Amino acid sequence: MRILSFSGLIPEQICDTVRFIRWQGDQTISHYCGYAADFISQVTNDSSIDGAVYPRTCDSSRSMTSYLDACSKFAHSLHIPSGQNASAIRYFAADIHLYQQAVEDYYGISITDIPERIDMINARNQAIAKLYAHLPEFSFSAYLSMLHVLLQTPLREQTIPEDLPGRHAGRKRIYLVGSLLSSSFIVEAMEQAGLSVVGDRLTESKRLFSAPQVSTQGDLYENIARSILKTPSSPSQNRFNEILREDMAEIRDKQIEGVVFITQKFCEPYDYLFSSYKQMLDEQSIPVLHLALSGSTDRRAFDASLQAFADIL
């Protein structure tokens, strides 16, 4: 089975998924969140994908089921509570269990390796965290490319290198904010402009490995739910103060010189967050560059904006 997953809120402990990174075909839905439109297009048109799993966290993802109904493939949405208390954890745990049952029923399989998968994911995330701790020593584009390959590889085949290609000395330290950086050419353009990403809040990087370790003791579903809900937040979970507090602490600790904030066109949660984010950065006299993409394969010319931002820094 090849289930395409949308967002880091999908529990990898249940079964292997192929993480959505980018779609090279035509978008079939205009005036819609670029990532969501590309995701729907890939599930609908890519014959190698036989299913989809996605969270109901924003207007775009809540609408996916209606668009996917016509493609006759496995489609399942997870209901992500906005809270983190015991009731929210139990609610989400029950929904994760329903997800497992839906996969088993559709594909005619029995999932019995959840504890083993938990241990493998814990170890993988620890290995990524070690790389992240030494991020200033590496090329961020090489780091991101490694993660994109990793997230499309079955869990048992995933390997984390001990190091990555290095970066050039004397680069200007920046922090990167965004949901999913499928447009990896932007990072390459950053590095060419003399910018070095030394921290981020990307779903496939910091938010991936920062999930609390999952215990194999007790109720596995509640353990998985607790870890996901206590992972560094997405703006779609409406915890702006938490995001600002955590990011500003890392920006301060790493002596960040500037922030690049990347949003998708029509992605309201990130658009709302940006205004609060910029206000807080302005108070600290830290420049911020806002890049708005219209799709996950958008290749508009950002070189001039990035070079100008590097010159300002």
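Residues numbered from 1 in each chain as written. Predicted model: local features only at pLDDT ≥ 70, side-chain atom pairs only at ≥ 80, totals over all residues. Heavy atoms only, no water.

Examining the sheet that holds strand 2 (residues 18-19)
Taken together, 4 strands build an open sheet; the order of strands is 2-1-3-4 and the sheet is parallel. The strands lining the two open edges of the sheet, one partner per strand, are strand 2 and strand 4 (74-78). (Pairing = 2+ DSSP bridges. Helix = DSSP H or I, 4+ residues; strand = E, 2+ residues; numbered from the N terminus.)

Thoughts on the nonpolar core
Membership of the largest hydrophobic core comes to 72 residues, with the highest contact counts inside it found for Y143, L176, M190, V259, Y277 and L306. No other element matches the 6 residues that helix 6 (residues 140-150) contributes to this core. Counting residues in each nonpolar core, the second largest holds 27 residues, with I96, Y99, I111 and I224 among its members. (Core = buried A, V, L, I, M, F, W, Y, C linked by side-chain atoms within 4.5 Å. Buried < 20%, exposed > 50% of the residue type's maximum accessible area, 1.4 Å probe, protein only.)

Concerning helix 11 (residues 268-283)
In this model, helix 11 (16 residues) spans 24 Å end to end at C-alpha, consistent with the 22 Å of a helix rising 1.5 Å per residue. Of the residues making up helix 11, those classed as buried are P269, Y270, L273, F274, Y277 and L281. Buried residues along helix 11 sit in contact with strand 5 (172-177), helix 8 (206-209), helix 10 (240-253), strand 7 (258-264) and strand 8 (288-293). Taken from the residues just after helix 11, S285 is the one with a positive phi, measuring 55°. (Expected span 1.5 Å × (residues − 1). Contact = heavy atoms within 4.5 Å.)

Here's the deal with unusual backbone geometry
Of note in this structure, S72 is not a glycine but carries a positive phi near 60°. Within the secondary structure layout, S72 lies in the loop between helix 3 (64-68) and strand 4. Notably, Q255 is not glycine yet its phi reads approximately 50°, a positive angle. Among the secondary structure elements, Q255 is positioned in the loop between helix 10 and strand 7. For Q255, a relative accessible area of 62% puts it in the exposed group.

Re the environment of P11
For P11, the location among the structural elements is in the loop between strand 1 (3-5) and strand 2. Distance in space between the C-alpha atoms of P11 and I224 is 7.2 Å, their sequence separation being 213 residues. Excluding residues within four positions of it along the chain, P11 makes contact with L78, I96, Y99, I224 and I228.

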